[in-house]
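Each chain, letter by letter, is given below.
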Amino acid sequence: MALFQRKDMISPITLKYSLSTSEKKKLVVGLGNPGSEYDGTRHNFGFMAIDKLAEHYDVTFVTKKDQKCKQAIVNVDGDQIILAKPETYMNESGQAVRALMDYYQVPISQVLVVYDELDLTLGDIRLKRAGSSAGHNGIKSIIKHCGEDFFRLRLGIGPKTPEQMDSADFVLQKFAGPEKRRLPKLLTTTVEHIENWVTP
């Protein structure tokens, strides 16, 4: 009789352990600069994409000071997906990504970073894994704090016009005119790309 009682005690513990270890976690981070003065700028394309994704999943961001970001969590096909927007400035994005990875125990292979790419034409979207920063300060910071083996969804914002304009000035300008009118469709397409990565 005692033997059966012992099995009854062990069984729920084993089940609980199996469920917690089988759950997959993925982290999707959009890059940008915090503050209303940066809203709608090319450099905040990553923020805009994550906002659209949160709207798609019908979740709301909350500020988490310990993780230095705004975040929302959604369950997709049994997986926990953490959406995040760093509250650090762009060139310190790696601090927030590192804090999120450590807190939620997400391996770098399950991290997707969504950001603007000046070397791609507006409308081009490219998914890649690992590689250099290509001069992007946000990616440079993430590589410094986390390593380079994460996925990147690069959203084109080029070409720079006029060509002689400083790149830093160009990326901090707001989308306007024909570019701005294209944004709703581009953001919808971006969300589709992110969903394909979340649920391959």
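Reading guide: rules and limits
- Residues numbered from 1 in each chain as written.
- Predicted model: local features only at pLDDT ≥ 70, side-chain atom pairs only at ≥ 80, totals over all residues.
- Heavy atoms only, no water.
- Helix = DSSP H or I, 4+ residues; strand = E, 2+ residues; numbered from the N terminus.
- Buried < 20%, exposed > 50% of the residue type's maximum accessible area, 1.4 Å probe, protein only.
- Contact = heavy atoms within 4.5 Å.
- Areas by Shrake-Rupley, 256 points an atom, 1.4 Å probe, with all protein chains shown as cover.
- Axes fitted to C-alpha atoms, helices over the stretch in contact; angles between N-to-C directions.
- Parallel < 35°, antiparallel > 145°, perpendicular 65-115°, else oblique.
- Left-handed = near helix turned anticlockwise from the far one by under 90°.
- Nonpolar A, V, L, I, M, F, W, Y, C, P; charged D, E, K, R; others polar.
- Salt bridge = Lys/Arg side-chain N within 4 Å of Asp/Glu carboxyl O.

Remarks on the overall build of the chain
Scanning the chain from N- to C-terminus turns up 6 helices and 7 strands. Going from the N terminus to the C terminus, the chain shows its helices and strands as α-β-α-β-β-β-α-β-β-α-β-α-α. Taken across its 200 residues, the chain has 44% of its residues classed as buried. Residue pairs at least 24 apart in sequence account for 70% of intrachain contacts in the chain once pairs closer than 6 positions are excluded. Approximately 11000 Å² of the chain is accessible, and the part contributed by carbon and sulfur atoms is 52%.

Here we look at the packing of helix H3 (residues 93-104) against helix H4 (residues 137-146)
Contact geometry for H3 and H4: axes closest at 7 Å, N-to-C directions at 45°. In terms of orientation, H3 lies oblique with respect to H4. As for the relative orientation of H3 and H4, their crossing is right-handed in sense. Contact residues: H3 offers Ser93, Gly94, Gln95, Val97, Arg98 and Met101, while H4 offers Gly138, Ser141, Ile142, His145 and Cys146. Considered class by class, the residues forming the contact of H3 with H4 number 4 nonpolar, 6 polar and 1 charged.

Topic: the side chain of Gln67
Its place among the elements puts Gln67 in the loop between strand E2 (62-64) and strand E3 (69-76). Here Gln67 is in contact with Ala96, Ala99, Leu100 and Tyr103, once residues within four sequence places are set aside.

Thoughts on the pattern of salt bridges
Evaluated as defined, the whole model comprises 6 salt bridges. Across the salt bridge formed by Arg98 and Asp102, the nearest N and O atoms sit 2.9 Å from each other. Taken together, the residues Arg98 and Asp102, both in helix H3 and 4 residues apart, mark about one turn of the helix. Arg129 serves as the salt-bridge partner of Asp149, at 2.9 Å between the closest nitrogen and oxygen. Pair noted here: Asp149 is in the loop between H4 and strand E7 (151-158) and Arg129 is in strand E6 (residues 125-129), with a separation of 20 residues, a long-range link. A residue is classified by how much of its surface remains accessible, and Asp149, at 33% relative accessible area, is partly exposed. With a relative accessible area of 41%, Arg129 lands in the partly exposed category.

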